[in-house]
Amino acid sequence: MDESNEQRAQRIHKLDALKAMGVQPYGTRFETTHRVERLLAAHGATAKDDLEQRAIDCRIAGRIVALRRFGKAAFASLQDGAHRLQVYLKKDVLGDDAFRLSQELDLGDWIGVDGRLFRTKTDELTVEVRALTFLSKGLRPLPEKWHGLTDIETRYRQRYVDLIANPNVHAVFETRSRLISGIRNYLTEHGFLEVETPMMQPIPGGATARPFATHHNALNANLYLRVAPELYLKRLIVGGFQRVFEINRNFRNEGISTIHNPEFTMLEFYQAYADYRDLMALTEDLFGTLARDLLGAGTLEYQGDVIDLTPPWRRLPYFEAVVEYNALDRNVLEDRAAATAAARRLGLDVPEDASLVGILNLMFEETVEHRLTQPTFITDYPTEISPLSRRKDTDPRLTDRFELFIAGRELANGFSELNDPLDQRQRFETQAAQREAGDEEAHYFDEDFLRALEYGMPPTAGEGIGIDRLVMLFTNQASIRDVILFPQLRPEKPL
RNA sequence: GGGUCGUUAGCUCAGCUGGUAGAGCAGCUGACUCUUAAUCAGCGGGCCACAGGUUCGAUCCCUGUACGACCCA
């Protein structure tokens, strides 16, 4: 970008003008009495006469985002977080020196004001400023006041400008933070202990995904950024922690899309002595609690759909879903040739060497997932694609597992954990064979994890919830980049 | 990885089968003590993403590159 544009040069000149007035353009401590949000909440509806009688003084600070000058007075909008409050700068109230300072103000400057609340004759809540403190000079012009900043690339690369120009963006990230706090509170209140496990792992495990590789010089060891914390959290269950959770970043070396960022935030939690059904109930309750606390409702609108979070949510076995959503004959579940024919009739490209489960999984992903708008637990996933899940007692080809879909997207994945070390060893062997055959997403063989299981892991259920996608749902955002402050982009050309 | 579209002033955008660029906001100067997209008068501001090609002449047509968005894998 142009570093020497006209407006920037003019503002650098203004630094001298400020100094000439004895004003430090980059100030220091300023104690406020109120946040603008609080003032608006408290007095947004207080009547004009009432305000005058109560003579409410305040001291607030913020960035000037609008400025309307008259000869000997001016109105400015001060932005504090996602909220704005108008201030009135009037010569005969401010005094000559402060008014002269006010005439040097630019859009984008930070100021602090002392004054009294009143309502203008157009009934807008406003602070009549008695003392003006210059806090910090902005050297770059702000985006346009009416359209704001819309260029998507600039919004992501210079999120600071996006946050200034688009208060709704600020609000999205406040909601994100509150949602994560809400999850922490909920789990802590339910006896879960927050823990931290390695993000740099010698063997990346816990998910089918390609890892980022790195190297530790002093140890001369290859390490991977984790794709999931799962295997470490289960080691903690082996060690005797009954309920643990971790909220932090996972890294997957895969494509970027509206629902994928290379680093993303995951909640995983593990509960000893519970099964996957308990976790479905917990998930319903957790989402309901978050919706009530953050949205004040049991339903939310997402991209034109009304999503009803009222429990219980539908539970639909995986194979049943494939049959139901495509109105297929049940023989496709047993007969590979029939499944292939059905998939091809649906327009799917079936590889010659695909297994029956592979074909059914293809149908599930292509024809079912995106249609699961209302919250739905798909249960009983095939063992073949669930290498860490406990087998069903009634059918060892299936597992005690679910995935939660809302608005056509996977939001959570949970299961009763496989705690049989010998079965787990076999599953790893199968994965290792797939890896040998060229599947870069297949699980790595983790001998230490098996050793841990051999010490005995109590019956346990565990779940992962994609926090970014959950935030998308709660803030009605279509792209994951709009709920991640600094989404991954190709590096910018040097400035 | 493939396809489609985009990149013009600080921001938001125009720009005619190709003749060296416009608006609004923002900025600067002046007027104005209740405005809120303030108003009025005047004035500046451009490597038209980058590199080639075609042409007397390219913001415009062609090729490539970079970055981004969306769709597909």
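Residues numbered from 1 in each chain as written. Chains lettered and ligands numbered in written order. Predicted model: local features only at pLDDT ≥ 70, side-chain atom pairs only at ≥ 80, totals over all residues. Heavy atoms only, no water.

Draft legend 1. Expanded view of the pairing of strand E15 (residues 376-379). Residue alternation in E15 divides its side chains into two sets, Thr-376 and Ile-378 and Phe-377 and Thr-379, and both sets are buried. Summarising the sheet, strand E14 (residues 314-317) and E15 pair through 4 bridges and their orientation is parallel. Bridging across to E15, Arg-314 finds its partner in Thr-376. The sheet contact formed by E15 and strand E16 (residues 401-406) spans 4 bridges and is antiparallel. (Buried < 20%, exposed > 50% of the residue type's maximum accessible area, 1.4 Å probe, protein only. Helix = DSSP H or I, 4+ residues; strand = E, 2+ residues; numbered from the N terminus. Pairing = 2+ DSSP bridges.)

Draft legend 2. The arrangement of the packing of helix H8 (residues 167-189) against helix H10 (residues 276-295) in detail. The contact between H8 and H10 brings their axes to 10 Å, and the two run at 135°. If you check the angle between H8 and H10, you find them oblique. Viewed along their axes, H8 and H10 form a crossing whose handedness is right-handed. Contacts from Thr-175, Arg-178, Leu-179, Gly-182, Ile-183 and Tyr-186 of H8 reach H10 at Leu-282, Asp-285, Leu-286, Thr-289, Leu-290 and Leu-294. Here the contact of H8 with H10 is composed, by residue class, of 7 nonpolar, 3 polar and 2 charged. (Axes fitted to C-alpha atoms, helices over the stretch in contact; angles between N-to-C directions. Parallel < 35°, antiparallel > 145°, perpendicular 65-115°, else oblique. Left-handed = near helix turned anticlockwise from the far one by under 90°. Contact = heavy atoms within 4.5 Å. Nonpolar A, V, L, I, M, F, W, Y, C, P; charged D, E, K, R; others polar.)

Draft legend 3. Molecular detail of the protein's contact with RNA strand B. The full set close to RNA strand B counts 40 residues, and Gln-10, Lys-121, Thr-122, Lys-145 and Glu-153 are the nearest of them. Residue assignment for the surface near RNA strand B shows that the elements contributing at least two residues are helix H1 (6-20), strand E1 (57-69), strand E2 (73-80), strand E3 (83-90) and helix H6 (152-157). Looking at the surface near RNA strand B residue by residue, the classes come out as 13 nonpolar, 11 polar and 16 charged. (Near = heavy atom within 4 Å.)

Draft legend 4. Highlighting the pattern of salt bridges. Per the stated rule, a full pass over the model turns up 42 salt bridges. One salt bridge connects Glu-440 with Arg-210, and the closest N-O pair in it is separated by 3.4 Å. One end of the pair, Glu-440, is in the loop between helix H14 (421-436) and helix H15 (447-454); the other, Arg-210, is in the loop between strand E7 (200-201) and strand E8 (213-216), and 230 residues separate them in sequence. Given a relative accessible area of 37%, Arg-210 falls into the partly exposed group. Residue Arg-249 pairs with Glu-263 through a salt bridge whose shortest N-O separation is 2.6 Å. Of this pair, Arg-249 sits in strand E10 (residues 243-251) while Glu-263 sits in strand E11 (residues 263-272), and the two are 14 residues apart along the sequence. What makes Glu-263 partly exposed here is its relative accessible area of 26%. Salt bridges sharing partners connect three or more residues here, namely Arg-11, Lys-14, Asp-106, Asp-109 and Lys-137. (Salt bridge = Lys/Arg side-chain N within 4 Å of Asp/Glu carboxyl O.)

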